[in-house]
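Here's the letter readout for the chains.
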Amino acid sequence: MVHTEVGLMSAIPPEVMMTPDRHRLARETTRMKVEIDIIDEWCKALRPRYFSSPESSEINGIEYFVQLTEGALFGSQEVRLEMVIPSNYPSEIPRIYIPDMSPNEYDSNAHMYRDRDRDIHMCIFFPEDWIEDYTIAGMMIRSTIWLNKYIIYKQTGKWPGKGQAHCSRCGERICQC
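Residue numbers here run from 1 along each chain, matching the order of that chain's written sequence. In keeping with the model being predicted, local features are shown solely for residues with a pLDDT of at least 70 and side-chain atom pairs are shown and tallied solely at 80 or more, while totals for entire chains, interfaces and linings include all residues. Each side-chain value is derived from all of the structure's non-hydrogen atoms; neither hydrogens nor water enter the calculation.

### Describing the packing of aromatic side chains
- For this analysis, a ring pair means two rings from Phe, Tyr or Trp (six-membered ring only for Trp) whose centres lie within 6.5 Å, classed as stacked if their planes differ by under 30 degrees, edge-to-face if by over 60, and tilted for the remaining angles. For the structure on display, the rule yields seven aromatic pairs.
- Relative to Y134, the ring of F125 lies with its centre 4.9 Å away and its plane at 20 degrees, an arrangement referred to as stacked.
- According to the relative accessible area criterion, Y134 is buried, its value standing at 14%.
- Relative to Y150, the ring of W146 lies with its centre 5.1 Å away and its plane at 10 degrees, an arrangement referred to as stacked. Of this pair, W146 and Y150 both sit in helix 3 (residues 136-156), four residues apart, which is roughly one turn of the helix.
- Only protein chains enter the accessibility calculation, which uses a 1.4 Å probe. A residue is then buried if its area is under 20% of the maximum for its type, exposed if over 50%, and partly exposed in between. Since its relative accessible area comes to 3%, W146 is described here as buried.
- Here the aromatic residues Y89, F125, W130 and Y134 are joined through ring pairs into a cluster of three or more.
- The criterion is that NZ of a Lys, or CZ of an Arg, lies within 6 Å of the ring centre and within 35 degrees of the ring normal, and then a charge sits over that ring. One Lys or Arg, R142, reaches over the ring of F125 and ends 4.7 Å from the middle of that ring. Numbered from the N terminus, helices here are DSSP runs of H or I no shorter than four residues, and strands are runs of E no shorter than two.

So, in structure tokens, the structure goes:
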């Protein structure tokens, strides 16, 4: 099981969503500044570390750590995750990768995808369900829930909770392969 300060939920917690006041503040400063403030308030226990590309000072990713309270994954009770923030964020959903997961552990029944480089990332939302009011902190929280479900899946062979049918190869609701 994974412990989070906000517990288990099925959607982005309203406390970490962009509100009209947060949107106003983002217009006055930057969206990323507002996002970092939310992360600092709600996800500090995940020990986030921000990174950017050498060509830009813009933050384009976050490395963070999830402490497991029951069980272990990849030989550890701490799991390192990397969120890649797309250049057109928040119009596009970030991807969350599990760097210590072997490519051989890919299992489409476990709500994961492979990108073009065949690296595994979590299925948190369908891209078309992403809205600009969702936040990086919300994705970080959802990823802790995903890990909890993944532990249960590894133990039982059944993904707990609701899921939406989609193609195991392309990930689309309506197959594009």
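### What about the confidence of the model for the protein?
- A score from 0 to 100, pLDDT tells how confident the predictor is in each residue. Of all residues in the protein, 86% have pLDDT values of 70 or greater, and the mean over the chain is 86.
- We call two residues in contact whenever any of their non-hydrogen atoms come within 4.5 Å of each other. Here residues 1-10 is a poorly scored stretch, pLDDT under 50, and it has 24 contacts once near neighbours within four places are set aside; other chains count.

### Structural notes on the pairing of strand 3 (residues 78-84)
- Only one face of strand 3 is covered, namely the one carrying V79, L81 and M83; the face carrying E78, R80, E82 and V84 has none of its residues buried.
- Across seven bridges, strand 2 (residues 59-67) lies against strand 3 in antiparallel orientation. In the strand pairing of strand 3, Y64 is matched with L81.
- Inspection of the sheet shows strand 3 paired to strand 4 (residues 95-97) by three bridges, in the antiparallel sense. Paired with M83 across the bridge in strand 4 is I96. The pairing criterion is simple: DSSP has to find at least two bridges between the two strands.

### Topic: the pairing of strand 1 (residues 49-52)
- In the sheet, strand 1 pairs with strand 2 via four bridges, with the strands oriented antiparallel. Bridge assignment links R49 to a residue of strand 2, and that residue is E63.
- From the end of strand 1 to the start of strand 2, which pair antiparallel, there are six residues.

### Quick notes on the nonpolar core
- In this description, a nonpolar core means a group of buried Ala, Val, Leu, Ile, Met, Phe, Trp, Tyr and Cys residues linked to one another through side-chain atoms lying within 4.5 Å. Counting residues in each nonpolar core, the largest one holds 45 residues, and the members touching the most others are Y64, L81, I136, W146 and Y150.
- Elements that contribute at least two residues to this core include exactly helix 2 (31-42), strand 2, strand 3, strand 6 (120-122) and helix 3.
- Of all the elements, helix 3 adds the most residues to this core, at eleven residues.
- Sequence-distant contacts of Y64, defined by excluding residues within four places in its chain, comprise L46, R47, P48, V79, R80, L81, M83, I96, M139, M140 and S143.

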